[in-house]
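Residues per chain, in single letters:
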Amino acid sequence: MAVSEVLQKEMTAVVISEPGGPEVLKPATLAVPQPAPGEVLIRVAAAGVNRPDVIQRMGLYPVPPGASPLPGLEVSGTVVALGEGVEPEWIGRKICALTNGGGYAEFCVAPVAQCLPVPDCLTMAEAAALPETLFTVWGNLFNRGFAREGETALVHGGTSGIGTTAIKLGKLFGLNIIVTCGSDQKCTAAKQIGADHAINYKSHDFVEEINKITDGQGVEIVLDMVAGDYVARNLQCLKADGRHVTIAVQGGLQATINMAHVMMKRLILTGSTLRPQSAARKALMADELHRHVWPDVEAGKLKPVMDESFALADAAKAHAHMEAGDHIGKIVLIVE
């Protein structure tokens, strides 16, 4: 292992003391992790807070074998040590990374293939808010949903971290974006961010609204984080050869659908979750993002929508804020 500075042996991290509410997130003193072959050690500047962190805290998202039990799936910071096989020039680089867990800490390891450079136009807090949502949206809206310029996508949770990223990334690639939100205020915010249309699902039937907006044609893609009874309704919104992509199951694990409807319209139902995917697949997505998306990040054309920042020690407050559902965009923890 190459080291650029004398590293401390211990660090402050946030642990999940037991499954439960936000209060089970506790600061603790732990050993600084050591990078394995192909990994870098990052002195963390900021860490993104994401819905999978909340689900893991509740005991409902098992940690994949070999991954850190600490929450935190994305960070920004400076590379301070290298695992075997990593080129020396990585030392000192400011990067953001999709991690395999462990982001809620002063130091975190990540595969070098999952790291992306932080351009001058981004703050470290903004950089920390990019990887998890960009990997998720790119991998599902474009890789699994086959989104193409000129097509229309329905995105649920329009002001969430995923939703705001889908709006911004979709518009960069020429998509028409329709979102659903839980209030008129959030609908207004979503349209300010760039959504073409925003539907308040509490006051309007989104199936009827999609029918009106598209003149009865429907949309090509649904990016769904609700599942449950939304699935059958989503399928009503799809035009022939449409694609339904599930990325979360906040509305329930089970769905009842009319398979004859699927066959007649030649629909594709797919989905994914990011954390359990192989290192090779994540590296491929990182490479695609670096080639196809990062030029727009470096040009200042793509920045995350930021909500509120919390100190690392206040991770419990950050989770409570996320669960309250009032946030618009990304929540981050400031580590240094």
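Up top is the structure.
Residues numbered from 1 in each chain as written. Predicted model: local features only at pLDDT ≥ 70, side-chain atom pairs only at ≥ 80, totals over all residues. Heavy atoms only, no water.

When you line up the elements, G242 lands in strand β13 (residues 238-246). C-alpha of G242 to C-alpha of E220: the two residues are 22 residues apart in sequence and 4.6 Å apart in space. (Helix = DSSP H or I, 4+ residues; strand = E, 2+ residues; numbered from the N terminus.)

Before going further, it helps to spend a moment on helix α6 (residues 206-213). All of the buried residues along α6 are F206, V207, E209 and I210. The arc that holds every buried residue of α6, seen down its axis, measures 165°, which confines them to one face. Sitting at the head of α6, D205 places a side-chain oxygen 2.8 Å from the backbone nitrogen of V207. With its phi angle positive at about 55°, D215 sits one or two positions after the end of α6. (Buried < 20%, exposed > 50% of the residue type's maximum accessible area, 1.4 Å probe, protein only. Arc of directions from axis to C-beta. Polar contact = N/O pair within 3.5 Å; in protein donor to acceptor, adjacent residues only side chain to side chain.)

Turning our attention to the pattern of salt bridges. Applying the stated rule across the entire model yields ten salt bridges. When the shortest N-O distance is used, the salt bridge between D196 and K171 registers 2.8 Å. Within this pair, whereas D196 is found in the loop between α5 (184-193) and β11 (197-200), its partner K171 is found in helix α4 (residues 161-172), the two being separated by 25 residues in sequence. Judged by relative accessible area, which is 32%, D196 ranks as partly exposed. Judged by its relative accessible area of 32%, K171 is partly exposed. The salt bridge partner of R291 is D287, with a shortest N-O separation of 2.9 Å. (Salt bridge = Lys/Arg side-chain N within 4 Å of Asp/Glu carboxyl O.)

The next thing to look at is the packing of α6 against helix α7 (residues 230-237). The description of two helices packed together rests on the angle between their axes and the distance between the axes. Packing of α6 against α7 leaves a shortest axis separation of 9 Å and a crossing angle of 10°. One finds that α6 runs roughly parallel with respect to α7. Facing F206, V207 and I210 of α6, the residues of α7 in contact are Y230, R233, N234, Q236 and C237. Of the residues in the contact of α6 with α7, the class split is five nonpolar, two polar and one charged. (Axes fitted to C-alpha atoms, helices over the stretch in contact; angles between N-to-C directions. Parallel < 35°, antiparallel > 145°, perpendicular 65-115°, else oblique. Contact = heavy atoms within 4.5 Å. Nonpolar A, V, L, I, M, F, W, Y, C, P; charged D, E, K, R; others polar.)

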